[in-house]
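Residue-level structural notes
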Amino acid sequence: MTKDRRRPGALEAAVMTSLWAADAPMTAAQVQQQIGDDLAYNTVQTILIRLHEKGEVHRRRAGRGHEYWPARDAATAAAAQMRAALPDGTDRHAVLRQFAASLDPSDAAILRDLLT
């Protein structure tokens, strides 16, 4: 991967971060402006359409276009990603042990508190 190439999912993550930070639904133009990074309007619009098709965002008509907002909050989305990383057939014990071992002490303490 070249240094100018983004990692897979980076643009979707940037769009979702922008929507989560917003106080109200946003148009593609507003998301484009928020993200910056010289992204073309059509690129942002395509990402929003794909996120809508995946059920990650809701949308409604706004003038000639749409405005978008997240279907779930950032914490719920992150938890779903973590659950998806534990597919059936894997050594779940080993995966969870490795995850817990990789936590910094403050996150490990939070997790211990949540589990008791």
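In the block above lies the structure referred to throughout.
Residues numbered from 1 in each chain as written. Predicted model: local features only at pLDDT ≥ 70, side-chain atom pairs only at ≥ 80, totals over all residues. Heavy atoms only, no water.

**Some remarks on the environment of A28**
By secondary structure assignment, the location of A28 is in helix α2 (residues 28-35). Measuring from C-alpha to C-alpha, the distance between A28 and I47 comes to 9.3 Å, with 19 residues separating the pair along the chain. Contacts of A28, omitting those with residues within four sequence positions, involve Y41, V44, Q45, L48 and H66. (Helix = DSSP H or I, 4+ residues; strand = E, 2+ residues; numbered from the N terminus. Contact = heavy atoms within 4.5 Å.)

**Observations regarding the sheet that holds strand β3 (residues 65-70)**
Read from one edge to the other, the open sheet built from 3 strands follows the order β1-β3-β2, with strand pairing classed as antiparallel. Edge positions in the sheet fall to β1 (26-27) and β2 (57-62), since each has one partner strand and no second. In this structure, β2 lies alongside β3, joined through 6 bridges in antiparallel fashion. Bridging across to β3, R59 finds its partner in Y68. Each of β1, β2 and β3 is contacted by helix α1 (residues 10-21), which is oriented at about 80° to β3, the strand it contacts most. (Pairing = 2+ DSSP bridges. Axes fitted to C-alpha atoms, helices over the stretch in contact; angles between N-to-C directions.)

**As for the pattern of salt bridges**
Where charged atoms from two side chains of opposite charge come close, those side chains can pair. This model, assessed by the stated rule, comprises 3 salt bridges. The closest approach of N and O atoms between E12 and K54, which form a salt bridge, is 2.9 Å. Remark: K54 occurs in the loop between α3 (41-53) and β2 and E12 occurs in helix α1; sequence separation between them is 42 residues. Look at E12 and you get partly exposed, because its relative accessible area is 22%. Across the pair E56 and R72 runs a salt bridge whose closest N-O atoms are separated by 3.0 Å. (Salt bridge = Lys/Arg side-chain N within 4 Å of Asp/Glu carboxyl O. Buried < 20%, exposed > 50% of the residue type's maximum accessible area, 1.4 Å probe, protein only.)

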